[in-house]
Amino acid sequence: MISLCSEMTDSKGRRARAGWLFFDADCSFCIALARRMARILVPRGFALAPLQDRRVADLLGLPREELLREMRVLTAQGKRYGGADAVIFLASRVWWAWPLVALAQLPGVMPLLRAAYRWIAARRSCAAACAAPAPASAAPQR
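Bear in mind that the values here come from a model prediction, so they are computed numbers and not experimental data.

**Q** Lay out the pattern of salt bridges with the relevant residues and their values.
**A** Should their charged atoms come close, side chains of opposite charge can pair. For the structure on display, the rule yields 6 salt bridges. In this structure, Asp 53 engages Arg 55 in a salt bridge whose closest nitrogen and oxygen atoms are separated by 2.8 Å. Between Asp 85 and Arg 114 there is a salt bridge, and its shortest N-O distance comes to 2.7 Å. Of this pair, Asp 85 sits in helix H5 (residues 83-91) while Arg 114 sits in helix H7 (residues 109-122), and the two are 29 residues apart along the sequence. Its relative accessible area of 27% is what places Asp 85 among the partly exposed residues. Since its relative accessible area comes to 32%, Arg 114 is described here as partly exposed. Bridged by salt links that share partners, the residues Glu 66, Arg 69, Glu 70 and Arg 72 form one connected network.

Okay, here's the thing in C-alpha cells:
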C-alpha cells in the first residue's frame, strides 16, 4: 500500500519516513517554531513543509482558509492531526515529552489544550510581528 506521505516530496525530492509537519510559511512565528521542531523531528523521520505548497490542500482535502488555521501533521499511515492534537501526536514520538502526553490523557485537559492552541494561533500574527527581525531591505542605508 502506498501512503500519501510517501508520494509527497519536498523541494529537494526527499520523502518523509514517519510523516509530514505542515506549517504556515508566511508567519515568522511559525517559521521559527518549525526550525526548532525540525531539529527534533527530522531525526525521527518527519519532514517539514509549508502549508502553502500547492499540493498540501489537495493532500489534506482542505480549503485554503481552513488549511492555514493551524499546523497540520500527516502520518506515513495517512492519519491527520491539526493544532493541539498535532502537538500531542508529535510529543508522543519524542521520549522526553512524555509528561505532556500524559497530561493530555487526563480528563478535560485536551479541550483546554485545544482552546490554548486556538488562542495562540489567533494571535500569532501579533507574536510574529513583535518577534520578527526587521527585513534586510528595511535596514537603514549608510
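Here the narrative resumes, following the displayed structure.
**Q** Can you tell me about the packing of aromatic side chains, naming the residues and giving the values?
**A** Each aromatic ring pair is characterised by the separation of its centres together with the angle its planes make. Tallied over the full model, the rule gives 3 aromatic pairs. Ring geometry for Trp 20 and Phe 22: centres 6.1 Å apart, planes at 5°, overall stacked. Like Trp 20, the residue Phe 22 is buried in the burial classification. Between Tyr 81 and Phe 89, the aromatic rings sit 4.5 Å apart at their centres with planes inclined by 10°, giving stacked as the arrangement. Note on Phe 89: relative accessible area 9%, which makes it buried. Grouping aromatic residues by their ring pairs yields a cluster made of Phe 46, Tyr 81 and Phe 89.

**Q** Give me the lowdown on the sheet that holds strand S3 (residues 72-75), citing residues and values where you can.
**A** The strand order across the open sheet formed by 4 strands is S2-S1-S3-S4, and the pairing between neighbours is mixed. The sheet terminates laterally at strand S2 (46-50) and strand S4 (80-82), the two strands that pair on one side only. Neighbour to neighbour, the strand axes of the sheet diverge by 20° on average, direction disregarded. Relative to S2, strand S1 (residues 19-23) runs parallel, the two being bridged by 5 bridges.

**Q** Requested: an account of the state of the cysteines, with residues and values cited.
**A** For the coordinates displayed, the defined rule picks out 0 disulfides. Looking at the unpaired Cys 30, the closest cysteine sulfur is the one in Cys 27, lying at 3.1 Å.

**Q** Pulling in residues and values, what's your account of the nonpolar core?
**A** Counting 22 residues, the largest nonpolar core has Leu 21, Leu 41, Met 71, Val 73 and Leu 90 as its most contacted members. For this core, the secondary-structure elements that each account for two or more residues are S1, helix H2 (28-41), S2, H5, helix H6 (98-104) and H7. Excluding residues that lie within four positions of it along the chain, Val 73 makes contacts with Trp 20, Leu 21, Lys 79, Arg 80, Tyr 81, Ala 86, Phe 89 and Leu 90.

**Q** Describe the pairing of S1, listing the residues and the values that go with them.
**A** Across the 5 residues that make up S1, a large majority, 5, are buried. Judged by which residues are buried, S1 turns out to be covered on both faces: Gly 19, Leu 21 and Phe 23 on one side and Trp 20 and Phe 22 on the other are all buried. Both S1 and S3 contribute to a ladder of 4 bridges, which runs antiparallel. By the bridge assignment, Trp 20 is partnered in S3 with Leu 74.

About the criteria used
- Residues numbered from 1 in each chain as written.
- Predicted model: local features only at pLDDT ≥ 70, side-chain atom pairs only at ≥ 80, totals over all residues.
- Heavy atoms only, no water.
- Salt bridge = Lys/Arg side-chain N within 4 Å of Asp/Glu carboxyl O.
- Helix = DSSP H or I, 4+ residues; strand = E, 2+ residues; numbered from the N terminus.
- Buried < 20%, exposed > 50% of the residue type's maximum accessible area, 1.4 Å probe, protein only.
- Phe/Tyr/Trp six-rings, centres within 6.5 Å; stacked < 30°, edge-to-face > 60°.
- Pairing = 2+ DSSP bridges.
- Axes fitted to C-alpha atoms, helices over the stretch in contact; angles between N-to-C directions.
- Disulfide = S-S within 2.5 Å.
- Core = buried A, V, L, I, M, F, W, Y, C linked by side-chain atoms within 4.5 Å.
- Contact = heavy atoms within 4.5 Å.

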